[in-house]
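Each chain is listed here by its residues.
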There are 2 protein chains.
Amino acid sequence: MANPKICSIDGKLAEEFAVPSHVDEVKEKMTAFAIRHAAAGHRVVLITSGGTKVPLESRTVRFLDNFSSGRRGASSAEYFIDSGYAVIFLHRHRSLYPYTRMFSTINMLDALKFRGGDSGEVLVNQQVLPNISKALKRYQEMKEGQLLLPIEFSSLSEYLHLLKAAAQSLSTIGSKAMFYLAAAVSDFYIPASEMPEHKIQSSNGPLQLSMNMVPKILSPLVKDWAPQAFVISFKLETDGAILLDKARRALDTYRHQVVVANVLDSRRGYVVVVTPETQAELILTEEDVQNEVEIEERIVSNLTSAHNKFITQQGG
Amino acid sequence: MANPKICSIDGKLAEEFAVPSHVDEVKEKMTAFAIRHAAAGHRVVLITSGGTKVPLESRTVRFLDNFSSGRRGASSAEYFIDSGYAVIFLHRHRSLYPYTRMFSTINMLDALKFRGGDSGEVLVNQQVLPNISKALKRYQEMKEGQLLLPIEFSSLSEYLHLLKAAAQSLSTIGSKAMFYLAAAVSDFYIPASEMPEHKIQSSNGPLQLSMNMVPKILSPLVKDWAPQAFVISFKLETDGAILLDKARRALDTYRHQVVVANVLDSRRGYVVVVTPETQAELILTEEDVQNEVEIEERIVSNLTSAHNKFITQQGG
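- Looking at an unreviewed UniProt entry, chain A carries the name Phosphopantothenate--cysteine ligase, with the source organism given as Cottoperca gobio.
- Under the UniProt heading Sequence similarities (unreviewed entry), the entry covering chain A gives this text: "Belongs to the PPC synthetase family."
- Taken from UniProt, the Function (unreviewed entry) comment for chain A reads in full: "Catalyzes the second step in the biosynthesis of coenzyme A from vitamin B5, where cysteine is conjugated to 4'-phosphopantothenate to form 4-phosphopantothenoylcysteine. Has a preference for ATP over CTP as a cosubstrate."

Here it is, written out as structure tokens:
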């Protein structure tokens, strides 16, 4: 029996967040992907990545956004694939993408050159992109194995409905499914009913915004949509003092398996993996940084072992 | 004598919008660029492009943003360069960029292939990117001539201070300078003094935001910072009914030369170039669209002729 609170979240989703037209089609794709890979003995992780847009107008000119380059999600996707997982990559349109993320700061045309002569060939200048060969090889292998299913969102509404669809798709493979919820999701939104159609006019004077709180989707995800899955949520704070307390409270409230807690300024070199029983600090040393070790490699290795134990306990 | 209103805008800028640390260095670069190109007989256009971020927290996790891919600014920069202008491209970090913009929707790794054999060479697959050769050639010629000076902003504060610096730099070349203010600038902001330091806690309940109106920078730009320049502002509305009226009012208020007026849904195929005396509709026909003509080509051609007349009238 679903409890009233959860019903109301499902209700809110349907009422106040526009359903993307392609959600059923995407859901079928995700289900087929999960079943195919589970049958092949792979585990499947759903990674959410990037920030969500919250429109202030229905024909959107202005929107509220969350800071997130999508680096953690894109980087983690690569390490999950290296660990034998198949990845559904539910990411913000234009956020960082697995394998291409290392070129995101480079102007592509600065990295190309003509061979010269009449060949008309255009080459990558490997002085500008020394790792291109390795990245292209890994990318092609990943495509060969069809190990990555990319799904895009931009708005909070798209994110919420696609996450629900993904959870229902992955429920078909039980404990072999992992949810790695790294996206930076807005806590606030303006209900469709209260949204002006046209661009807010500055001539009307200062702007007063009143935003509702976004329903805590983690609750129905854990209880109803994918009750057997291994679920990891992320906590990002700017104030380290309240971080672990908030992580523990999230575990108590939502009854999921792991919270990865991090502070904005140190998030690339330090996280705490919090479970109901344990608390593990993952830290990059100076040496790690010099060797270009990424914290996501440590996070993924910690979580894949935890997922192993979880599956055994569930007798999956 | 600057009038009180303008003083107060300069004051507000200094008080309520954090000054970027590199503004003086950027200003020197822009001044040198303008003087060098004016001496070589070039005109110089400052293009602003992309949307501005308005932080809600001083250690920013959340921000208000404006819809803008930067397509119009990036595309226009190419046509200005084709018309013999040197371009200062003041653009939002990661917005569309001249020449690379046509590849922005493509995953770079899908467009590359190994030559095979032991060469270790990585080639562009010209079936995926048929125009790469042409784009690379134009890009390399532009770099050769040092015709583009790219400057990045992200926040509204950076935009405002860098635009002021640009205006003062370009005032050194008088009427040979054009301002093409295509960026989508926020009308609202939260003063540094009223901004919380840390991430707003959703546990505190619904979010009430009260935002001040951004000072109208066009006013001091036209009157004080670059009084001899040829200045174009843009009006984007979602409601066509109020568009031309708002364009005319802007010309009356700020006394600049041109407003390019457009409606969100039709902006790629229809604009109105409004001056105090004239009003010209620029429209792409079906045929134009099939021939991949871009509206920016028409806009730039219209404005460069208007700039010619303007310079002659000024006896520049």
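### Looking at the sheet that holds strand β14 (residues 279-283) of chain B
All names here are of chain B.
Okay, step 1: The sheet built from eight strands is open, its strands ordered β7-β4-β1-β8-β11-β12-β13-β14 with mixed pairing. The two strands at the open ends of the sheet, each matched to only one other strand, are β7 (148-153) and β14. The mean inter-strand angle of the sheet, taken between neighbouring strand axes irrespective of direction, is 15 degrees.
Okay, step 2: Strand direction decides the pairing type here: strand β1 (residues 43-49) and strand β4 (residues 85-92), joined by seven bridges, are parallel. Along β4, the bridge assignment pairs Thr48 with Leu90.
Okay, step 3: Across the sheet, helix α3 (residues 71-82) lies against β1, β4, β7, β8 (177-181), β11 (230-237), β12 (258-263) and β13 (270-274), angled at about 170 degrees from β4, the strand it touches most.
Okay, step 4: Against the sheet, helix α6 (residues 218-225) engages β8 and β11, with an angle of about 170 degrees to β11.

### Some thoughts on the packing of aromatic side chains
Okay, step 1: Following the criterion strictly, the structure yields 16 aromatic pairs over all chains and no others.
Okay, step 2: Arranged with centres 5.1 Å apart and planes meeting at 55 degrees, the rings of Phe230 of chain B and Phe310 of chain B form a pair that is tilted. Taken together, the positions of Phe230 of chain B in strand β11 and Phe310 of chain B in helix α9 (residues 295-313) put the pair 80 residues apart, joining distant regions of the chain.
Okay, step 3: For Phe310 of chain B, a relative accessible area of 9% translates into the label buried.
Okay, step 4: Ring pairing ties together the aromatic residues Phe80, Tyr85, Tyr180 and Phe234 of chain A, which thus form one cluster.
Okay, step 5: Its guanidinium or amino end placed over the ring of Phe63 of chain A, Lys53 of chain A lies 4.2 Å from that ring's centre, counting from NZ or CZ.

### Quick look at the pattern of salt bridges
Okay, step 1: Scanning all chains against the criterion turns up 32 salt bridges over all chains.
Okay, step 2: For Glu296 of chain A, the salt bridge is made with Arg72 of chain A, and the minimal N-O distance between the two is 3.1 Å. Residue Glu296 of chain A is found in helix α9 (residues 295-313), and its partner Arg72 of chain A is found in helix α3 (residues 71-82); the two are separated by 224 residues along the sequence. Residues Glu296 of chain A and Arg72 of chain A agree in their burial class; the two are buried.
Okay, step 3: Here Asp187 of chain B makes a salt bridge to Lys216 of chain B, at a shortest N to O gap of 3.7 Å. Highlighted residues: Asp187 of chain B in the loop between β8 and β9 (188-189) and Lys216 of chain B in the loop between β10 (207-213) and α6, separated in sequence by 29 residues.
Okay, step 4: Counted as one network, the salt bridges with shared partners bring together Glu78, Asp82, Arg101, Arg138 and Glu294 of chain A.

### Focus: the interface of chain B and chain A
Okay, step 1: Facing the 64 residues of chain B at the interface are 64 residues of chain A.
Okay, step 2: The largest per-residue losses of area from chain B upon contact with chain A belong to Met108, Leu109 and Thr238 of chain B, which jointly make up 11% of the total buried on that side.
Okay, step 3: Applying the counting criterion to the chain B and chain A interface returns six salt bridges.
Okay, step 4: For Arg62 of chain A, the salt bridge identified is with Asp187 of chain B, shortest N-O distance 2.5 Å.
Okay, step 5: Counting across the interface, chain B meets chain A through 19 residue pairs in polar contact (both at pLDDT 80 or more).
Okay, step 6: Of all the elements, helix α4 (residues 132-144) of chain B adds the most residues to the side of chain B that touches chain A, at eight residues.
Okay, step 7: Grouping the amino acids of the side of chain B that touches chain A by side-chain chemistry returns 31 nonpolar, 16 polar and 17 charged.

Basis of the calculations
- Residues numbered from 1 in each chain as written.
- Chains lettered and ligands numbered in written order.
- Predicted model: local features only at pLDDT ≥ 70, side-chain atom pairs only at ≥ 80, totals over all residues.
- Heavy atoms only, no water.
- UniProt positions renumbered as here; feature names shortened; annotations may be inferred.
- Pairing = 2+ DSSP bridges.
- Helix = DSSP H or I, 4+ residues; strand = E, 2+ residues; numbered from the N terminus.
- Axes fitted to C-alpha atoms, helices over the stretch in contact; angles between N-to-C directions.
- Contact = heavy atoms within 4.5 Å.
- Phe/Tyr/Trp six-rings, centres within 6.5 Å; stacked < 30°, edge-to-face > 60°.
- Buried < 20%, exposed > 50% of the residue type's maximum accessible area, 1.4 Å probe, protein only.
- Lys NZ or Arg CZ within 6 Å of the ring centre and 35° of its normal.
- Salt bridge = Lys/Arg side-chain N within 4 Å of Asp/Glu carboxyl O.
- Buried area = accessible area lost by both parts, 1.4 Å probe.
- Polar contact = N/O pair within 3.5 Å; in protein donor to acceptor, adjacent residues only side chain to side chain.
- Nonpolar A, V, L, I, M, F, W, Y, C, P; charged D, E, K, R; others polar.

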